[in-house]
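# Analysis of the macromolecular model
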Amino acid sequence: MTTPEPVDVIVVGAGPTGVTAAALLARYGIRCLVLDRWSDVYPMPRAVHLDDEVYRILGRLGVADSFAAVSRPALGLRLLDSDHHVLAEFTRDRQVGVHGYPQANMFDQPALEGVLRAHLATLPTVTFRGDVEVTAVDQVAHDRVRVVFEDRETGTVGVAQAAFVLGCDGANSLVRNSIGATMIDLGFEQRWLVVDIETDHELGAWEGVHQVCDTQRAATYMRIGDRRHRWEFRLLDGESAADFETAGALAPLVAPWTGSIPAEDLVLHRITDYTFRAQIADRWRDRRIFLLGDAAHLTPPFIGQGMGVGLRDALNLSWKVAGVLGGGLDERWLDTYETERRPHAKGLIALAVWMGRAMTGGGRIGDIARGVLAPRLGRVPGLSHRVTDSTTPPLRGRTVALDRGRHGLAGTLCPNFPEHGAGACTRFDDGPAAGRFALVTAAPVSCHTRSLVAERGGVIVDVVPGTPLHGWLKVGNVRAALVRPDGTVLVAGRSACALAYRIPSFHPRPFRREYGDRRRQRLRFAGFASETIPMGTSTEAPADRSGLPPDDGDRRGRPRVPRA
């Protein structure tokens, strides 16, 4: 029996969610052990799409450029009838969204996992053990969890303990079973054929997602790489992947896209049948054991959020765990993981189910209705933007980590606007606010408030009038927003001083970045300036030219608590 070195967190499962969680924790110096039953990346493609919010998570890890090299933006969505006539087309009016990355991105999952694994190998606080089977997960003390695993080649048994265990071990999760959680069926199940083909020929197809709206043979097509193409076809009763394993059997399905390309020039990379389900775990946590990704939820693919929901889980939980382990947060912050993520994931699952039924259900009447309505929808002003908008719903609730109140910015993501210029950082996440609490403000801030924020481990971002972030605050009818380490707005209001008192003490192990002179820093990036002034320094508050609502602090500078 072997016992690895002590670690803070054990991650069970090294898919995209597990590796992302470990990498995010490593940025706070958290020691992680990652266990997976495969020694290398699972070679079969599965997920093929992520949006700009999830791309932003990759940017936080520093692998955005590597992902760009193995992905391609998608133009939008095209709805087709059973004869492949275009019913409606929804094209994105811009490739790069408010988070600084393309809004829809197609990729081959093994390529993305290769990027993530390569990054993981560079992190000194992360240990990866592949080709092992986790056999037990037990809570042995109020602050310790034990994991037992077996080497699949030698049969050697290993035991490891940590303060937290993150179950990222997929739909058949052993971690989920260990905490007694069960999956709740949300009432959707369809069997589909998934086909991945490589070819050197150009198909000449529109560079977006093609959705064939047909009750009998619904289909989806998308180009996911220079040579790689993905098709999905709804299976009829009694059909299976075995019925389409030959080129002759498959040809009628893909012919509308491949045309006269010889069958021998189409290399079948994978063909399998898959059951699309909508499910969510009845609970995501037992004390210090958490569920993430497919262990907690299963999403039909119609809005391309299956993998992305898992990466959002990792981002939401990682900084909270880091804060509790040594950063000054109490365990109430851990309670907010499920209360925030479960409703958000359930909402995306419901949207995916609705989209699937709207595009493929209803029988013959549904096909007729789509043929009549879809062309008219394509001409509705502004609808194309709404269909292709990658923004997901805001987080909801009123907890220590989120105060929706009456200001609409709370629960949404702070934008990550890009700006290109000599000597300038390009995005909000590239600056000192990354991974910390940030007070984004267009209102003047006193030296006392600056000192308070610094003492609690936060950073103040002074927004320059006329810039995108200034416009974001103005649209939200606020002068300031308190942004969490994951980029979500905790609370917004008119008094920057009042919001400063909402910042918790957050001092996890050092975030390894340098921003110049420690005594005084002044940076300009993404259209705003951030200034850190040491305690005891005297400065006059700048004149207010923001054009935003007035600060609601009193005349003596004392803060008023933001109104709910």
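Our structure's up above, just so we're on the same page.
Quick look at the structure, then. (Residues numbered from 1 in each chain as written. Predicted model: local features only at pLDDT ≥ 70, side-chain atom pairs only at ≥ 80, totals over all residues. Heavy atoms only, no water.)

## What about the packing of aromatic side chains?
Scanning the entire structure with this criterion turns up 22 aromatic pairs. Relative to Trp231, the ring of Tyr221 lies with its centre 5.1 Å away and its plane at 40 degrees, an arrangement referred to as tilted. One end of the pair, Tyr221, is in strand S15 (residues 219-223); the other, Trp231, is in strand S16 (residues 228-234), and ten residues separate them in sequence. Taken as a pair, Tyr221 and Trp231 share a single burial class, namely buried. Feature note: the residues Tyr28, Trp319, Trp333, Phe437 and Phe506 constitute an aromatic cluster, connected by ring pairs. The ring centre of Trp38 lies 5.4 Å from the NZ or CZ of Arg37, which sits over that ring. Over the ring of Trp38 we find Arg152, and its NZ or CZ is 5.5 Å from the ring centre. (Phe/Tyr/Trp six-rings, centres within 6.5 Å; stacked < 30°, edge-to-face > 60°. Helix = DSSP H or I, 4+ residues; strand = E, 2+ residues; numbered from the N terminus. Buried < 20%, exposed > 50% of the residue type's maximum accessible area, 1.4 Å probe, protein only. Lys NZ or Arg CZ within 6 Å of the ring centre and 35° of its normal.)

## Concerning the nonpolar core
Counting 121 residues, the largest nonpolar core has Val9, Ile10, Leu50, Leu79 and Leu166 as its most contacted members. The contact partners of Leu166, leaving out residues within four places of it in the chain, are Val9, Ile10, Val11, Val12, Ala21, Leu25, Phe290, Leu292 and Leu317. Among the nonpolar cores identified, the runner-up in size contains 20 residues, and Ile197, Leu203, Ala219 and Ile271 belong to it. (Core = buried A, V, L, I, M, F, W, Y, C linked by side-chain atoms within 4.5 Å. Contact = heavy atoms within 4.5 Å.)

## Some details on the side chain of Arg312
For Arg312, the location among the structural elements is in helix H7 (residues 306-327). Here Arg312 falls in the buried class, since its relative accessible area comes to 9%.

## Focus: the pattern of salt bridges
Per the counting criterion, the structure on display carries 36 salt bridges. Measuring nitrogen to oxygen at the nearest pair gives 3.5 Å for the salt bridge that ties Arg146 to Asp138. When its relative accessible area of 32% is taken as the criterion, Arg146 is described as partly exposed. The closest approach of N and O atoms between Arg502 and Asp403, which form a salt bridge, is 3.4 Å. Linking Arg502 in the loop between helix H13 (496-500) and strand S27 (521-525) with Asp403 in strand S22 (residues 402-403), this pair joins segments that are 99 residues apart in sequence. For Arg502, a relative accessible area of 27% translates into the label partly exposed. Classification of Asp403 as buried rests on a relative accessible area of 11%. Shared partners join several salt bridges into a network, and the residues in it are Arg72, Glu202, Glu207, Arg223 and Asp226. (Salt bridge = Lys/Arg side-chain N within 4 Å of Asp/Glu carboxyl O.)

## Here's the deal with the sheet that holds strand S10 (residues 144-151)
If you walk across this open sheet you meet the three strands as S9-S10-S11, and the pairing is antiparallel. Since the sheet does not close on itself, it has two edges, and those belong to strand S9 (132-141) and strand S11 (157-162), each with one partner. With strand direction ignored, the average angle separating the axes of adjacent strands in the sheet is 20 degrees. (Pairing = 2+ DSSP bridges. Axes fitted to C-alpha atoms, helices over the stretch in contact; angles between N-to-C directions.)

## A closer look at the sheet that holds strand S12 (residues 164-167)
The sheet built from six strands is open, its strands ordered S8-S2-S1-S12-S19-S18 with mixed pairing. Only two strands of the sheet have a single neighbouring strand rather than two, namely strand S8 (126-129) and strand S18 (285-286). With three bridges joining them, S12 and strand S19 (residues 289-291) adopt parallel strand pairing. Residue pairing for S19: Leu166 is matched across the bridge by Phe290.

## Some details on a nonpolar patch on the surface
A grouping of Ile368, Val372, Leu373, Leu377 and Val380 is seen on the molecular surface, where their side chains present a nonpolar patch of about 410 Å² in accessible area. Take Leu377: its relative accessible area is 41%, and that puts it in the partly exposed class. (Patch = residues over 30% accessible without salt bridge, like charges linked within 9 Å, V, L, I, M, F, W, Y side chains within 5 Å. Areas by Shrake-Rupley, 256 points an atom, 1.4 Å probe, with all protein chains shown as cover.)

## Some details on the packing of helix H1 (residues 16-26) against H7
Think of two packed helices as two axes; the pair is described by the angle between the axes and how far apart they sit. Look at H1 against H7: their axes get within 8 Å of each other, and the N-to-C directions meet at 25 degrees. In terms of orientation, H1 lies roughly parallel with respect to H7. Judged by the twist between their axes, the crossing of H1 over H7 is right-handed. Contacts from Pro16, Thr17, Thr20, Ala21, Leu24 and Leu25 in H1 reach Met307, Gly310, Leu311, Ala314, Leu315, Ser318, Val321 and Ala322 in H7. (Parallel < 35°, antiparallel > 145°, perpendicular 65-115°, else oblique. Left-handed = near helix turned anticlockwise from the far one by under 90°.)

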